[in-house]
Amino acid sequence: MKAIVYDKYGPPEVLHLKEVEKPTPKDNEVLVKIHATTVTRGDTIMRSLKIPGPRWQRLFARIYLGISKPKRTILGMELAGEIESVGKDVTRFKKGDQVFASTFRSDFGGYAEYKCLPEDGMLALKPANMTFEQAAAGVATGGITALYTLRKANIQSGQKVLIYGASGSVGAYAVQLAKSFGAEVTGVCSTTNVEMARSLGADKVIDYTKEDFTQSGETYDVVFDAVDKISSSRGKKSLKKSGIYLNVGRDSGSGGDMKTQDLIFLKELIEAGKIKPVIDRCYPLEQMAEAHRYVEKGHKKGNVIITVAHNNKVTVQKGVT
């Protein structure tokens, strides 16, 4: 099968197209024929090994990812596709089911034509009203992260919530989720993304290039930094006395905190029309390096999608541009 692999850390050019062995599902696994995946900020961090945060966090990440070279050579944190075959003990899914999934607890692997996943993993039937590209667009990453983090605030109807970074994958889902909880939502983003944030349901949008939200005198029940770009002291300036400050880097948990029920919960919200994905750009699998270069600039709107075609034979094994 085709896959994008990386054998060393570095710039996007370390990613290359290669023919690798097609996986075979174990008794409790399904084999997914992948139609779409994404490039997330997390993918670019793992590829470059430029780990943010304190020294202990960087050390832990390096041990997990691989000290001198990657332990897991195929990136890709989420996918959408069709089940091609199932192991003999699988009961929840069948051949032909259209699914979407997080690969975070399954050693990643979305940058390929096929991926085996355990049936009790972060895997669910694709929302009926979504294409494969839409289903892969951050629901299982940004959506789950936003849901997990916002639940810590126990948002009540009528509360005021500010989302800093309302146009990224996590932020876009956070705006919609906070609205679905009944909150009055203020989004903070750049000029080019103001209308997008409004279209997601934000009651008010602040353009951070023109206005500092901490100087407005407005206070909030919840302030959520969805891009980890403001200091906690600055974020807390606009909190009410009993308000809660959340930071995506500190409060979003880990892969072990994910629950399949949360993915199903988001699926139901999508099918009810309460949340929708935001897609910035689509690239074919063969242009993975270009997609990484774009995401690394830090200005993507929502999600960057990778489409996986299944009719091309691999002829190139070097850097993809």
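Here's what I pulled together on the structure shown here. (Residues numbered from 1 in each chain as written. Predicted model: local features only at pLDDT ≥ 70, side-chain atom pairs only at ≥ 80, totals over all residues. Heavy atoms only, no water.)

**Looking at the pairing of strand E13 (residues 279-284)**
Step number 1: Examined bridge by bridge, E13 and strand E14 (residues 303-307) share five bridges and lie parallel to one another. Following the sheet pairing, Tyr-283 is matched in E14 by Ile-306.
Step number 2: Between E13 and its parallel partner E14, the chain crosses via helix H10 (residues 288-296), and the hand of that crossover is right-handed. (Pairing = 2+ DSSP bridges. Helix = DSSP H or I, 4+ residues; strand = E, 2+ residues; numbered from the N terminus. Right-handed = clockwise from strand over helix to strand, strands pointing away.)

**Details of the sheet that holds strand E11 (residues 220-225)**
Step number 1: With respect to topology, five strands assemble into an open sheet ordered E10-E9-E8-E11-E12, the strand pairing being parallel. Of all strands in the sheet, those with a lone pairing partner are strand E10 (204-207) and strand E12 (239-247), marking the two edges. The sheet shows a mean angle of 20° between the axes of neighbouring strands, direction not considered.
Step number 2: Two strands pair when backbone bridges link them, and strand E9 (residues 184-189) and E10 are joined in this way by four bridges, in the parallel orientation. What sits directly across from Thr-186, in E10, is Lys-204.
Step number 3: Its contacts with the sheet place helix H5 (residues 169-180) against strand E8 (160-164), E9 and E11, and it is angled at close to 170° to E8. (Axes fitted to C-alpha atoms, helices over the stretch in contact; angles between N-to-C directions. Contact = heavy atoms within 4.5 Å.)

**Thoughts on the environment of Lys-229**
Step number 1: Mapped onto the secondary structure, Lys-229 falls in the loop between E11 and helix H7 (232-236).
Step number 2: C-alpha separation for the pair Lys-229 and Pro-12, spaced 217 residues apart in sequence, amounts to 23 Å.
Step number 3: Contacts of Lys-229, omitting those with residues within four sequence positions, involve Tyr-164 and Gly-298.

**Some remarks on the environment of Cys-189**
Step number 1: The residue Cys-189 is located in strand E9 in this model.
Step number 2: The exposure class of Cys-189 is buried, given its relative accessible area of 1%.
Step number 3: When the C-alpha atoms of Cys-189 and Asp-207 are compared, they prove to be 5.4 Å apart, with 18 residues separating the residues in sequence.
Step number 4: Setting aside its immediate chain neighbours within four residues, Cys-189 contacts Ala-166, Ser-167, Val-194, Ala-197, Val-205, Ile-206, Asp-207 and Tyr-208. (Buried < 20%, exposed > 50% of the residue type's maximum accessible area, 1.4 Å probe, protein only.)

By themselves, these observations are geometric and do not establish any function.
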